[in-house]
Amino acid sequence: MSDHLVKVLVPALAVALVATATFGVLQRDDLNDTKRELRSSRNDASRAEGDLADAELQVDDLQDELTAAVAAADAARAGEDPFGGDGSIDPIDVATILLHILTGDLEAADAAAAARILAQLLGDDLSVLAAIDADALADLAADVGLDSLNVEDLQALVEGILEGSVDLTGAIGDNLADVLGSARDAADGVVDGVDGVVEDATEILGDLLDDIGGDGGGGSGGGGSGGEPVGLDDLGGLDPFMMLQCMDPMAVLEGAGAGRPADDVDTQITAIVAWLERERELEFEEVPEATILTHDEIADDVAAQIERDYPTSQADRDSRILSLLGAIPTGTDLQGLQGDLVSGQVAGYYDPETGRLVVATDDPSEPLDTNGLITMTHELDHALTDQVLGLPDIGAGATGGVTADTDGDLGALAVVEGDATLTMTRYLFAELGIDAMLDTTLDPASAEAQAQLATFPHYLQRQLRYPYAEGLNFVCSVFADGGWAAVDELYDGPPTSSAQVVFPDRYAAGEEPVDARDPGTLGAPWTAAGADTLGVAQLQWLFEAPGGDRAAAIGDELDHASAWAGGELRLFTDGPRSALGVALVERATSDGLPLCESVSEWLSATYPDAGRVTNEGSEALTLAGSGDGPDAVVTCSGSDVRIGIAPTLADARALAR
């Protein structure tokens, strides 16, 4: 579990995974139902927006007339001819001005001021209104929504306003208010209709993300075995509520393929670059040249890099650690297993050392399909942030006596991949639309990648997916609070542990890992073979599948792991024999389950055939392995929880001291 293990998952590269591009595989019938619901919502939204546009045009027309009326009144006050021409006044024009001022729902004082201006315009002789033809006045009344209106009513209204004895609460005023109220109610209804469509779309998208992302907590029991496709309920991951805070549901409905030109790959890349720079408010120093490979070619490329960058000696040490923790079978060729796992999952990568950007597609001679486009967006985001912000140096954080800091690397890696995954998802939502989003989940390559992923040990599945799923949740939480500017700041100070990623409030509070007291040590013939950090994420993955068995999960795994405040492990070897010491610190303010009990329950489930031995001193659990199985001890004292796993009980106890 050294930095090499992290790098082998992302071999010194910033990687996009085939399976990650779709976040899971759903049943085709469920997807088609969701498509129909979303298309219906999109149609409803279009109709509602059309109605709203019509209402807004009517309001704009009334407002224009009101503005013209006020301008006429201002002109009259200045002694100018408000109607132009020879200066004569048409009484029906005066009535029109008055009515539109009133239907503009002016406050009573403003209406009185307007009436005084009109009276001045008429020379204080309201009898001029008597010249209005009754039929013309009736037509005018009908135009503004009044059932009836006569000259006497109009004169009485103006006189009352001038005297201050009549305001807009009279019979005619009520009628006018009713007209305006009805118009406003209609407009509000349209707005409510649009809001309702947005809510419906949000709910549908939430259900979709929930179906794809699962419960986000790892759960207990369930799939993840055999060759069946799995969703993120088996892999831990997406929080649909958090995701919706980072997406615009209407953008999903309205995505019309603006970012998907079909001419050629270069044109597509140009469009993505323009969108990226606009979205991220960052500019490329130089757009990297993209290499397009087939899926087989990129698999061979990545496998070769793993073989080169992940030496057999390191793979052997990691294999010993993970097998003692029950994450993989004893004797696993981890180098070969990782090569098979990662090479079958990578859809693209960006190499920050060389600037090389690679994307896989079915046919490199054709324009990119949906998965190719979002993978290209993912990798271009890596290149952009590398050029402008600088990618964290994964593997450089080992301090305090440990030779690696895998947990700290997972914290930094979550920023890099979470950022790119959020960016590509927003691109998918905004530029390609819901049909493309749903189509990605039906892509045969994605289904094949999911099926392949499900055949590997649960721990390795979770470790592979963690930067993308939990990283996406973390970056999304930052984005929801402060936008891309807040995400950019993460590169200056990325999380220092997986706990800060899984629990963003700990990152916000600056809660750093506690330096655990070193595990015990073993003398000759044992040799110290390496030390590493062990964090919340790794504990959660172990708790989810003790001994690699999802059916043995201890339940509420994240709650159990949340009690972690710090941890490290040390490996000792003697030829083919291996021993492991683990030191954990319980969080002082933990509101989770007691860490000592959680670790004891997990270790008992990891070695179910081991026999219980009477505890000594501070031992909470003492197991004697059966057959070739190791012995194991858990000791608990105050906030310290210590584990020893070794071929003999004496060595296990020495490591757990």
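For the structure, see preceding data.
Residues numbered from 1 in each chain as written. Predicted model: local features only at pLDDT ≥ 70, side-chain atom pairs only at ≥ 80, totals over all residues. Heavy atoms only, no water.

**With respect to the packing of aromatic side chains**
Counted under the stated rule, the structure contains six aromatic pairs. Taking the centre distance of 5.4 Å and the plane angle of 90 degrees together, the rings of Phe474 and Tyr507 count as edge-to-face. Taken as a pair, Phe474 in helix α18 (residues 458–490) and Tyr507 in helix α20 (residues 504–508) lie far apart in primary sequence, 33 residues in all. For Tyr507, a relative accessible area of 23% puts it in the partly exposed group. Aromatic rings pair up to connect Tyr459, Tyr466 and Trp541 into one cluster. (Phe/Tyr/Trp six-rings, centres within 6.5 Å; stacked < 30°, edge-to-face > 60°. Helix = DSSP H or I, 4+ residues; strand = E, 2+ residues; numbered from the N terminus. Buried < 20%, exposed > 50% of the residue type's maximum accessible area, 1.4 Å probe, protein only.)

**A closer look at the pairing of strand β10 (residues 631–637)**
Burial analysis of β10 places five of its seven residues in the buried class, which makes it a mostly covered element. As judged from the four bridges shared by strand β9 (residues 619–624) and β10, these two strands associate in the antiparallel manner. Each residue of the ladder has a partner; that of Leu621, found in β10, is Val634. Strand direction decides the pairing type here: β10 and strand β11 (residues 640–646), joined by seven bridges, are antiparallel. Within β11, the residue paired with Val634 across the bridge is Ile643. (Pairing = 2+ DSSP bridges.)

**Overview of the nonpolar core**
Among the nonpolar cores identified, the biggest contains 103 residues, and Met376, Leu380, Leu584, Val599, Trp602 and Leu603 are the most heavily contacted of them. Counting residues in each nonpolar core, the second largest holds eleven residues, with Leu522, Trp526, Phe572 and Ala654 among its members. (Core = buried A, V, L, I, M, F, W, Y, C linked by side-chain atoms within 4.5 Å.)

**A closer look at unusual backbone geometry**
The peptide bond linking Ala524 to Pro525 adopts the cis configuration, its omega dihedral lying at 10 degrees. Take Pro525: it is sitting in the loop between α20 and β5 (527–533). Not every positive phi belongs to a glycine, and Asp556 is a case in point at roughly 50 degrees. Tracing the backbone through its elements, the reader meets Asp556 in the loop between α21 (536–544) and α22 (557–561). Of the residues examined, Asp556 reaches a relative accessible area of 53% and is grouped as exposed.

**Here we look at the environment of Ala656**
Secondary-structure assignment places Ala656 in helix α24 (residues 649–656). As for Ala656 and Val641, which are separated by 15 residues in sequence, their C-alpha atoms are 8.5 Å apart. The residues contacting Ala656, other than those within four sequence positions of it, are Val633, Thr635, Arg642, Ile643 and Gly644. (Contact = heavy atoms within 4.5 Å.)

**Topic: the pattern of salt bridges**
The final tally for this structure, using the stated rule, is 16 salt bridges. Put simply, Glu544 and Arg462 hold a salt bridge, and the shortest N to O gap is 2.9 Å. Of the two residues, Glu544 sits in helix α21 while Arg462 sits in helix α18, which places them 82 residues apart along the sequence. The exposure class assigned to Glu544 is buried, which follows from its relative accessible area of 0%. We note a salt bridge from Asp574 to Arg577, for which the minimum N-O separation is 2.9 Å. (Salt bridge = Lys/Arg side-chain N within 4 Å of Asp/Glu carboxyl O.)

**Things to note about the sheet that holds β5**
Spatially, β5-β6-β7-β11-β10-β9-β8 is the arrangement adopted by the seven strands of the open sheet, whose pairing is antiparallel. Sheet topology places β5 and β8 (611–612) at the edges, where each strand pairs with a single neighbour. Where β5 lies against strand β6 (residues 564–574), six bridges are found, and the strand directions are antiparallel. Paired with Thr533 across the bridge in β6 is Glu568. Contacts between α24 and the sheet are confined to β6, β7 (577–586), β9, β10 and β11, with β11 contributing the most and set at about 155 degrees to the helix. (Axes fitted to C-alpha atoms, helices over the stretch in contact; angles between N-to-C directions.)

**A look at the environment of Val501**
On the secondary structure map, Val501 appears in helix α19 (residues 498–502). Judged by its relative accessible area of 2%, Val501 falls in the buried class. For the pair Val501 and Asn473, spaced 28 residues apart in sequence, the C-alpha to C-alpha distance is 8.2 Å. Not counting the four nearest positions on each side in its chain, Val501 is found in contact with Gly411, Ala414, Tyr466, Glu470, Gly471, Phe474 and Pro495.

**What to know about the state of the cysteines**
Taken as a whole, this structure holds two disulfides when the rule is applied. Covalent S-S linkage joins Cys246 and Cys476, the inter-sulfur distance amounting to 1.9 Å. When the S-S torsion is 115 degrees, as for the bridge of Cys246 with Cys476, the disulfide is right-handed. Of this pair, Cys246 sits in the loop between α9 (240–245) and α10 (249–254) while Cys476 is found in helix α18, placing the two residues 230 residues apart along the sequence. The residues Cys246 and Cys476 share a single accessibility class, namely buried. Covalent S-S linkage joins Cys596 and Cys636, the inter-sulfur distance amounting to 1.9 Å. Measuring the twist about the S-S bond at about 90 degrees, one finds the Cys596-Cys636 disulfide to be right-handed. One end of the pair, Cys596, is in helix α23 (residues 595–606); the other, Cys636, is in strand β10, and 40 residues separate them in sequence. (Disulfide = S-S within 2.5 Å.)

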